[in-house]
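# Descriptive structure summary
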Amino acid sequence: MKSIIKMLAAVVLVGTMVSCAPSITVRSDYDRTANFSGYRTYAIAPMPGGNSDPVMGSQLMQKRITQALDAEMSARGYRRVEKNADLTVRFDTDARNLQQIQSNNLSPMWGWWWYGPNNNVSSRNYEENRVIISLLDTRTNEMVWQGWAKGELNARRKDRDELIRATVAKVMQEYPYRAGMTNAAVQGE
């Protein structure tokens, strides 16, 4: 009987750990006074100062993010230019080490002595990464929109190219504008 209970406890523990694993979350913010209808062209530039993280800040990741941003901006009707762009698209990445602690007390409250103490505590160390995309009005150098994703972007994955494309696409879904589109069209007025 005790072995069945221990096996069930292990199954519940593994299921809980998998279901509580961090996923990629996306958020955004924008300047409500910005006139997005005037933006038709863009240039891409990494954040000044660069990223010191050896993986997320690598040339390979920078290239992946730039290509994904190019695809997203082009799909919205924006045209990339080298000089005199309406928008400057900047991006940055960072990483931090986190720990997730999970406690599963599977003993009944009325009789821990019956089955014995059965409090399973586990911890999981992982790296949380962020991709931050900022759109700046090139004329004023003021930010008009920012979106970011956070999650385990540097986990062991077979296809990092696809992961970065999907992450950037998820962030850019928060950006509702198309080239020359008015704010009223987005807000449904």
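What you see is a predicted model; the values in this text were computed from it and never measured.

## Regarding unusual backbone geometry
We note that Asn84 has phi near 55°; this positive angle belongs to a residue other than glycine. Under the relative-accessibility criterion, Asn84 is labelled exposed at 73%. Here Asn141, not a glycine, exhibits a phi torsion of approximately 60°, which is positive. One can find Asn141 in the loop between β5 (119–137) and β6 (142–151). The exposure class assigned to Asn141 is exposed, which follows from its relative accessible area of 51%.

## With respect to helix α2 (residues 59–75)
Compared with the 24 Å implied by 1.5 Å per residue over 17 residues, the 24 Å span of α2 between its first and last C-alpha is a close match. Every buried residue of α2 is accounted for by Met61, Gln62, Arg64, Ile65, Thr66, Ala68, Leu69, Glu72 and Met73. Immediately downstream of α2, the backbone of Gly77 shows phi near 90°, a positive value.

## A few points about the confidence of the model for the protein
Here the protein averages 77 in pLDDT, and 61% of its residues register 70 or above. The secondary structure element of the protein with the lowest average pLDDT is helix α1 (residues 2–19), at 47, and the one with the highest is strand β3 (residues 79–80), at 96. The low-confidence segment residues 8–22, where pLDDT is below 50, has 20 contacts with residues more than four positions distant or belonging to other chains.

## Let's talk about the nonpolar core
Judged by nonpolar contacts, the single largest core of 27 residues is most densely connected at Leu69, Leu87, Ile133, Leu135 and Tyr175. Residue assignment for this core shows that the elements contributing at least two residues are β2 (41–46), α2, β4 (87–105), β5, β6 and α4 (160–172). Counting residues per element, this core draws most heavily on α2, which supplies 5 residues. In contact with Leu87, not counting residues within four places along its chain, are Tyr39, Thr41, Tyr42, Ala43, Met73, Tyr78, Leu135, Leu136, Asp137, Thr138, Val144 and Tyr175.

## A few points about the environment of Thr66
One can find Thr66 in helix α2. Sequence separation between Thr66 and Val168 is 102 residues; the distance between their C-alpha atoms is 9.6 Å. Those residues in contact with Thr66 that lie beyond four places of it in its chain are Ile44, Arg80 and Phe91.

## Observations concerning the packing of aromatic side chains
Per the stated rule, a full pass over the model turns up 6 aromatic pairs. Between Phe36 and Tyr175, the ring centres sit 6.0 Å apart and the planes meet at 65°, which makes this aromatic pair edge-to-face. You can see Phe36 sitting in the loop between β1 (25–30) and β2 and its partner Tyr175 sitting in the loop between α4 and α5 (183–187), a full 139 residues away along the chain. Neither residue differs from the other here; Phe36 and Tyr175 are each classed as buried. The positively charged end of Arg32 is found above the aromatic ring belonging to Tyr30, 4.3 Å away from the centroid.

## Quick notes on α4
Between its terminal C-alpha atoms α4 stretches 18 Å, which fits the 18 Å expected from 13 residues at 1.5 Å a residue. Within α4, burial applies to Leu163, Ile164, Thr167, Val168, Ala169, Val171 and Met172. Its side-chain oxygen 3.2 Å from the backbone nitrogen of Asp161, Asp159 forms the N-cap of α4.

## Re the environment of Ala68
Along the chain, Ala68 turns up in helix α2. Separated by 97 residues in sequence, Ala68 and Arg165 place their C-alpha atoms 5.2 Å apart. When neighbours within four sequence positions are excluded, Ala68 is seen to be in contact with Ile164, Arg165 and Val168.

Each value, and the rule that gives it
- Residues numbered from 1 in each chain as written.
- Predicted model: local features only at pLDDT ≥ 70, side-chain atom pairs only at ≥ 80, totals over all residues.
- Heavy atoms only, no water.
- Buried < 20%, exposed > 50% of the residue type's maximum accessible area, 1.4 Å probe, protein only.
- Helix = DSSP H or I, 4+ residues; strand = E, 2+ residues; numbered from the N terminus.
- Expected span 1.5 Å × (residues − 1).
- pLDDT = per-residue confidence, 0-100.
- Contact = heavy atoms within 4.5 Å.
- Core = buried A, V, L, I, M, F, W, Y, C linked by side-chain atoms within 4.5 Å.
- Phe/Tyr/Trp six-rings, centres within 6.5 Å; stacked < 30°, edge-to-face > 60°.
- Lys NZ or Arg CZ within 6 Å of the ring centre and 35° of its normal.
- Polar contact = N/O pair within 3.5 Å; in protein donor to acceptor, adjacent residues only side chain to side chain.

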